Amino acid sequence: PDTDPYHTVLYQHKGVLNAQPNHFANENQETARNHFRGAIDLASTANAALFVSPECSCPWEVVRAVLTNAAAQPRDRALWALGCESISPAALRQFKNDFDGNAGVKIIFDETVLGKAGNFLDPLCYVFKTMTNDENAVIVCLVQFKTQHMGVWSTPIERDNYIKGEELYVFRNA
């Protein structure tokens, strides 16, 4: 939005994807968490304005840690786009409910997906800081769901089990 230089961290995750009818996630959760913690430390230390990771890679435990640890959060006017592991509607509802009493954290997503047929959602979590209408600081996790399955698999496992997103979110300057 201006002429000042900015830093970007683009993280290419390395790991084995475990694709099952009820989830797409990292085969080795501990390694994935450690790799993401390192990437988030780098993004924080570099004061990155943009941090991006690929789909199906970021464990939800890491997203939770970012939302609850100010030192691990994006700076003001920064945007982190975390391609997360899949999540069931029930687990996503619980994730949102876990933050309901925390006025400093806002979880936003199209809740109509919770009632749709399918086993899991393929989410991208946009994480950023903003101010509420009452001028209170808040960290936001805006969850965008995949609107089209991948066509590169040798089996229809994703196509037959994911819940299609309908809502698209657009970021722009005021």
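Everything numeric here is computed off the predicted structure, so don't read it as measured data.

> Can you tell me about the packing of aromatic side chains, naming the residues and giving the values?
Taken as a whole and judged by the stated rule, the model has eight aromatic pairs. Considering the side-chain rings of Tyr 11 and Phe 36, the 4.8 Å spacing of their centres and the 70° angle between planes classify their relative orientation as edge-to-face. Residue Tyr 11 is located in the loop between β1 (8-10) and β2 (17-20), and its partner Phe 36 is located in helix α1 (residues 29-45); the two are separated by 25 residues in the primary sequence. A ring pair is formed by Trp 60 and Phe 95, whose centres lie 4.9 Å apart and whose planes are at 75°; its orientation type is edge-to-face. Here Trp 60, found in helix α2 (residues 60-68), pairs with Phe 95, found in helix α3 (residues 89-98); they are 35 residues apart in sequence, far enough to count as distant. One exposure class covers both Trp 60 and Phe 95, and it is buried.

> Account for the nonpolar core, with residues named and values stated.
Counting residues in each nonpolar core, the largest one holds 35 residues, and the members touching the most others are Phe 51, Trp 60, Val 63, Leu 67, Leu 92, Ile 107 and Val 127. When contributions to this core are tallied by element, the ones reaching two or more residues are α1, α2, β5 (79-83), α3, β6 (105-109), β7 (123-131) and β8 (137-145). Counting residues per element, this core draws most heavily on α2, which supplies five residues. Dropping the residues within four chain positions of it, Val 127 is found in contact with Val 66, Leu 67, Pro 74, Ala 78, Leu 79, Trp 80, Leu 82, Ile 139 and Val 140. Of all hydrophobic cores here, the second largest spans six residues; its members include Tyr 126, Phe 128, Val 138 and Leu 142.

> Mind laying out the environment of Phe 120, listing which residues take part and the relevant values?
Tracing the backbone through its elements, the reader meets Phe 120 in the loop between β6 and β7. Distance in space between the C-alpha atoms of Phe 120 and Leu 92 is 9.6 Å, their sequence separation being 28 residues. If sequence neighbours within four positions are ignored, Phe 120 has contacts with Gln 20, Pro 21, Asn 22, His 23, Phe 24, Ser 86, Ile 87, Ser 88, Glu 158, Asn 161, Tyr 162 and Ile 163.

Conventions we followed
Residues numbered from 1 in each chain as written. Predicted model: local features only at pLDDT ≥ 70, side-chain atom pairs only at ≥ 80, totals over all residues. Heavy atoms only, no water. Phe/Tyr/Trp six-rings, centres within 6.5 Å; stacked < 30°, edge-to-face > 60°. Helix = DSSP H or I, 4+ residues; strand = E, 2+ residues; numbered from the N terminus. Buried < 20%, exposed > 50% of the residue type's maximum accessible area, 1.4 Å probe, protein only. Core = buried A, V, L, I, M, F, W, Y, C linked by side-chain atoms within 4.5 Å. Contact = heavy atoms within 4.5 Å.

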